[in-house]
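# Structure assessment
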Amino acid sequence: MDISVVIPIYNEAANILPLTQRLRVVMQQMSLSFELIFINDGSTDSSLPMIKTLASTDTSIKYIDLSRNFGHQIAVMAGLDEALGKAVVIIDADLQDPPELIVDLYQKMQEGYEVVYAKRKKRKGESAAKRWTAHLFYRLLSSITPIDIPLDTGDFRIIDHKVVKILRQMPEQNKYLRGQIAWIGFKQSFVSYERQHRNAGDTGYTFSKMLGLAWDAVTGFSNFPLKVVSYFGFFTSIIAFLVMLFTLYSRLVLKAATVSGWASLMISVLFIGGVQMIAIGIIGEYLSRVNQNVRNRPLYIVKDSNIEEKP
Ligand code: UDP
Ligand code: MG
């Protein structure tokens, strides 16, 4: 098997046929042996029966039906766990990532790279708010992590089977595959492309899912927020010490009987309270991920699949 294409599916009924058609054309063009692995991530539309119909007449189509919605990153991982190809492509189902780019990704890989990711030059059909927050997030993340995670890059990429094997050994529940793949290393390169409009349907990435992914990325690849908390602690302690000296000075040296200052008292109490809550929240984000990982639950549950179970 030359190429496995991993396609996570969450309510993509209108995109499955055009995507499959375009992928077939690309694969035939390159005359490579291939498999298309569809992972149904708890879709509530007719995605699953459509995939099953396709699979019934075409042996190169595999499907994995998860028991519920586990989220995009985990759905991709479920596909990677079953991929047999020497190279594996991860692609979105909504045709925002043009299948034709796989030719360029594959060619670049033949120059001796283990990972070739697709870097977004432009993003069409996405709200200004999404483009902006994504732009800002990628830069913020890269400034606080020691790992070189490529900017403006999603999961659309081709990776060598070596890399897939290592990903399978990384059991973390809070997946940020882009970061994990950057962490793994090897020779990596990229191809630029223009991200297209979503072909049909709505985004499955709600704001809270995006926020969750962002926190997984930060907590998984940086301790910077924890450092900020401790620096802030030092900083406020120094200020507290200075204020303490001033208070003692006015009471003992200036003999001020009463020191006025209800306003400053209120401000400092509220300020310290707020800072402490934020600090606890940040620690909590890390702690909750420790908790999730020590539970040792399986990453996902497969309800049904046409892939034979490994012995
Ligand atoms: N997806 C998924 N599970 C989810 C959300 C999305 O498997 O909970 C899939 C979706 O079907 C698509 C890919 O992940 O193939 C990217 O999702 P989407 O296009 O909704 O994200 P966006 O491009 O808006 O960031
Ligand atoms: Mg999309």
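The rules behind each value
Residues numbered from 1 in each chain as written. Chains lettered and ligands numbered in written order. Predicted model: local features only at pLDDT ≥ 70, side-chain atom pairs only at ≥ 80, totals over all residues. Heavy atoms only, no water. Donors = N, O, S within 2.8 Å, 3.2 Å for Na, K, Ca; no water. Buried < 20%, exposed > 50% of the residue type's maximum accessible area, 1.4 Å probe, protein only. Axes fitted to C-alpha atoms, helices over the stretch in contact; angles between N-to-C directions. Helix = DSSP H or I, 4+ residues; strand = E, 2+ residues; numbered from the N terminus. Parallel < 35°, antiparallel > 145°, perpendicular 65-115°, else oblique. Left-handed = near helix turned anticlockwise from the far one by under 90°. Contact = heavy atoms within 4.5 Å. Near = heavy atom within 4 Å. Polar contact = N/O pair within 3.5 Å; in protein donor to acceptor, adjacent residues only side chain to side chain. Areas by Shrake-Rupley, 256 points an atom, 1.4 Å probe, with all protein chains shown as cover. Pairing = 2+ DSSP bridges. Salt bridge = Lys/Arg side-chain N within 4 Å of Asp/Glu carboxyl O. Phe/Tyr/Trp six-rings, centres within 6.5 Å; stacked < 30°, edge-to-face > 60°. Lys NZ or Arg CZ within 6 Å of the ring centre and 35° of its normal.

## Notes on the coordination of the magnesium ion (ligand 2)
Within the protein, the atoms that donate to the magnesium ion (ligand 2) are D94 (OD) and Q96 (OE1), at distances of 1.9 to 2.0 Å. The buried category is assigned to Q96, whose relative accessible area is 6%.

## Some remarks on the packing of helix α3 (residues 72-82) against helix α6 (residues 161-168)
Orientation of α3 relative to α6, taken along the N-to-C sense of each, is 120°, at an axis distance of 10 Å. Between α3 and α6, the interaxial angle falls into the category oblique. You can see that α3 and α6 cross each other, and the crossing is left-handed. Listed contacts from α6 to M77, L80, D81 and E82 of α3 are V164, L167 and R168.

## Topic: the site of ligand 1
Around ligand 1 lies a shell of 19 residues, among which E12, D41, D94, Q96 and G204 are the nearest. H72 is positioned with one of its backbone polar atoms (N or O) 3.5 Å from a nitrogen atom of ligand 1. Between an oxygen atom of ligand 1 and a side-chain N or O atom of T203, the distance comes to 2.6 Å. Contact with the protein chains hides 95% of the accessible area of ligand 1, taken as 520 Å² for the molecule alone.

## Regarding the sheet that holds strand β3 (residues 61-66)
Read across the sheet, eight strands follow the order β7-β5-β6-β4-β1-β2-β3-β8 without closing on themselves; strand pairing throughout is mixed. In this open sheet, the two strands that pair with only one neighbour each are β7 (188-195) and β8 (302-305). On average, each strand axis in the sheet is inclined to that of its neighbour by 20°, with strand direction left out of account. When strand β5 (residues 115-123) meets strand β6 (residues 153-160), the two strands line up antiparallel, connected through four bridges. Considered in β6, the bridge of V116 is made with I158. Sitting on the sheet, helix α5 (residues 128-144) is in contact with β5 and β6, with an inclination near 135° to β5. The strands touched by helix α7 (residues 177-184) within the sheet are β5, β6 and β7, with β6 carrying the most contacts at an inclination of about 45°.

## Side note on the side chain of T145
If you trace the backbone, T145 turns up in the loop between α5 and β6. Given a relative accessible area of 9%, T145 falls into the buried group. A distance of 3.1 Å separates a polar side-chain atom of T145 from the backbone nitrogen of I147. Among the polar contacts listed, one links the side chain of T145 to the backbone oxygen of F221, at a separation of 2.8 Å. Residues in contact with T145, not counting those within four places in the same chain, are F221 and S222.

## Notes on the pairing of β6
Along β6, seven of the eight residues are buried, which leaves the element largely enclosed by surrounding structure. As judged from the four bridges shared by strand β4 (residues 87-90) and β6, these two strands associate in the antiparallel manner. Counterpart to A87 in the pairing with β6 is D160.

## Focus: the pairing of β4
Both faces of β4 are covered, namely the face carrying A87 and V89 and the face carrying V88 and I90. Where strand β1 (residues 3-9) and β4 come together, four bridges link them in parallel fashion. The residue of β4 that forms the bridge with V6 is I90.

## Observations concerning the pattern of salt bridges
Opposite charge on two side chains allows them to pair when their charged atoms are near. Taken as a whole and assessed by the stated rule, the structure comprises 15 salt bridges. K86 is the partner of D2 in a salt bridge, and the nearest nitrogen-oxygen pair spans 3.2 Å. In this pair, D2 is assigned in the segment before β1 and K86 in the loop between α3 and β4, connecting sequence segments 84 residues apart. Judged by relative accessible area, K86 falls into the exposed class, the value being 55%. For R24, the salt bridge is made with D58, and the minimal N-O distance between the two is 2.9 Å. A residue pair is termed long-range when its members are at least 10 positions apart, and R24 in helix α1 (residues 13-29) and D58 in the loop between α2 (47-57) and β3 qualify at 34 residues. Note on R24: relative accessible area 25%, which makes it partly exposed. Via salt bridges that share partners, E12, D94 and R198 belong to a single interconnected network.

## Re the environment of E82
Tracing the backbone shows E82 in helix α3. Sequence-wise, E82 and Y138 are 56 residues apart; in three dimensions their C-alpha atoms are separated by 30 Å. Not counting residues up to four positions away in its chain, the partners in contact with E82 are E35, I37, I64, R168, I307 and K310.

## Section: the packing of aromatic side chains
Applying the stated criterion across every chain yields a total of six aromatic pairs. Here a set of aromatic residues connected by ring pairs shows up, and it is made of F232, F235 and F271. When the ring centre of F70 is taken as origin, the NZ or CZ atom of R68, which lies over that ring, is 3.9 Å away. If you follow K119 out to its NZ or CZ, it ends over the ring of F190, 5.7 Å from the centre.

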